[in-house]
Amino acid sequence: MKKNILALKLVAAGVLSTVAAAASAAVPTEVTSALTGAGTDAAAIGGAVLVVLIGIAAFKYMRKAM
């Protein structure tokens with residue numbers, strides 16, 4: 001049973017990767033550059049959110065120590 005599930009997962013991963021490769025073949029360069037820019041913006045926002053969360057956790061930790 002576990003072997004069947006593993007085989008099914010591998011087949012699904014292979015099919016999805018093939019579909020993704022075929023889908024990205026017809027994308028214009030403008031779209032690719034726009035997605036790259038959006039990824040950079042998302043990384044910057046994600047970094048800022050991470051810094052804020054770490055700051056909040058550090059503040060809570062310092063208050064608990066007092």
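Heads up: these notes are all about the structure in this document. Everything quoted here is computed from the prediction, not taken from an experiment. (Residues numbered from 1 in each chain as written. Predicted model: local features only at pLDDT ≥ 70, side-chain atom pairs only at ≥ 80, totals over all residues. Heavy atoms only, no water.)

Before going further, it helps to spend a moment on the overall build of the protein chain. Along the protein chain, the regular secondary structure elements total two helices and zero strands. Of all 66 residues assigned to the protein chain, the portion counted as buried reaches 0%. As presented, the protein chain carries roughly 5,900 Å² of accessible surface, and 77% of it is formed by carbon and sulfur atoms. (Helix = DSSP H or I, 4+ residues; strand = E, 2+ residues; numbered from the N terminus. Buried < 20%, exposed > 50% of the residue type's maximum accessible area, 1.4 Å probe, protein only. Areas by Shrake-Rupley, 256 points an atom, 1.4 Å probe, with all protein chains shown as cover.)

In this section: a nonpolar patch on the surface. A cluster of nonpolar residues, Ile-45, Val-49, Val-52, Leu-53 and Ile-56, forms a patch on the protein surface that exposes about 470 Å² of accessible area. Summarising the element assignment, Ile-45 is placed in helix α2 (residues 29–65). (Patch = residues over 30% accessible without salt bridge, like charges linked within 9 Å, V, L, I, M, F, W, Y side chains within 5 Å. Salt bridge = Lys/Arg side-chain N within 4 Å of Asp/Glu carboxyl O.)

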